[in-house]
Amino acid sequence: MAAVILYGTETGTGELVADAIADVLAADHDPSIYDMAEFAAEDLDPADFLVVVCSTYGEGELPSSALPFADELDEEEPDLSGLRFAVFGLGDSVYGDTYNRGGEIMAGKLTALGAVQVGEHFRHDASSTVKPTKVAAEWAESLPALIDEA
Ligand SMILES: Cc1cc2nc3c(=O)[nH]c(=O)nc-3n(C[C@H](O)[C@H](O)[C@H](O)COP(=O)(O)O)c2cc1C
């Protein structure tokens with residue numbers, strides 16, 4: 001099963017994280033990476049495993065590169081039955097109640113359309129000393145077992 005990695009970002013951290021995850025999956029899962037801004041909702045395919053990387057902006061909102069894709073999901077309501085996905089969210093605990101909402105919003109939209117979230121929903125905190133690409137590579141080590149489960 002191939003992996004499709006979609007990232008939603010405002011200032012590029014999400015793209016670096018997506019690249020780090022792809023490096024881990026490169027050996028066995030033929031990963032492809034897309035900015036959500038350049039990916040059509042109708043191209044989601046249950047035959048792929050989806051990895052969602054998404055930051056948080058505004059007051060707990062999606063970053064701008066995720067908005068067109070999120071709007072398409074809302075408007076087209078594709079049937080995502082059979083699609084499995086994992087989420088790596090980005091945020092900053094300094095924002096309190098809206099911490100890491102971006103990844104949670106994306107997970108909610110996909111789940112509402114029938115997709116199933118698997119694995120640990122990772123929440124990176126920009127106020128921590130944890131480097132996002134490093135922890136993303138560690139988190140990605142858990143993905144092959146999930147991808148091959150289907
Ligand atoms: C203007 C602004 C608003 C933000 N709002 C939130 C927020 O509401 N909740 C949160 O958890 N993080 C928030 N963040 C933090 C970002 O999500 C975090 O820095 C993330 O690592 C950025 O990733 P990106 O470069 O891929 O967009 C905000 C950052 C900025 C600059």
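If you're wondering where the values come from, they're calculated on a predicted model, not measured in any experiment.

1. A few points about the site of the ligand
Near the ligand lie 20 residues; those nearest to it are T9, T11, G14, T56 and T98. The contact in question runs from an oxygen atom of the ligand to an N or O atom on the backbone of N100, over 2.7 Å. Protein chains bury 82% of the 650 Å² of accessible surface belonging to the ligand in isolation. Among the secondary structure elements, those contributing two or more residues to the shell around the ligand are helix 1 (13–25) and strand 4 (84–91). Looking at the shell around the ligand residue by residue, the classes come out as five nonpolar, 12 polar and three charged.

2. Notes on the side chain of S55
Here S55 lies in the loop between strand 3 (49–54) and helix 2 (67–76). Setting aside its immediate chain neighbours within four residues, S55 contacts G8, T9, E10, E61, P63, L90, G102 and G103.

3. Considerations on the environment of A126
Its place among the elements puts A126 in the loop between strand 6 (122–125) and helix 4 (132–140). Spatially, the C-alpha atom of A126 lies 4.7 Å from that of D92, the residues being 34 residues apart in sequence. Apart from residues no more than four positions distant in its own chain, A126 is found in contact with G91 and D92.

4. Details of the packing of helix 1 against helix 4
It is the contact of helix 1 with helix 4, at a shortest axis distance of 8 Å, that shows an interaxial angle of 35°. At the point where helix 1 passes helix 4, the crossing takes the right-handed sense. Side by side, helix 1 and helix 4 meet where T13, L16, V17, A20, I21, V24 and L25 of the first sit next to P132, T133, A136, A137, W139 and A140 of the second. Grouping the constituent residues of the contact of helix 1 with helix 4 by class yields 11 nonpolar, two polar and no charged.

5. As for the environment of H121
Along the chain, H121 turns up in the loop between strand 5 (116–117) and strand 6. Apart from the residues lying within four places of it in its own chain, the contact partners of H121 are V87, G103, E104 and A107. In this structure the side chain of H121 is engaged in a polar contact, spanning 2.9 Å, whose partner is the side chain of Q117.

Parameters and conventions
Residues numbered from 1 in each chain as written. Predicted model: local features only at pLDDT ≥ 70, side-chain atom pairs only at ≥ 80, totals over all residues. Heavy atoms only, no water. Near = heavy atom within 4 Å. Polar contact = N/O pair within 3.5 Å; in protein donor to acceptor, adjacent residues only side chain to side chain. Areas by Shrake-Rupley, 256 points an atom, 1.4 Å probe, with all protein chains shown as cover. Helix = DSSP H or I, 4+ residues; strand = E, 2+ residues; numbered from the N terminus. Nonpolar A, V, L, I, M, F, W, Y, C, P; charged D, E, K, R; others polar. Contact = heavy atoms within 4.5 Å. Axes fitted to C-alpha atoms, helices over the stretch in contact; angles between N-to-C directions. Left-handed = near helix turned anticlockwise from the far one by under 90°.

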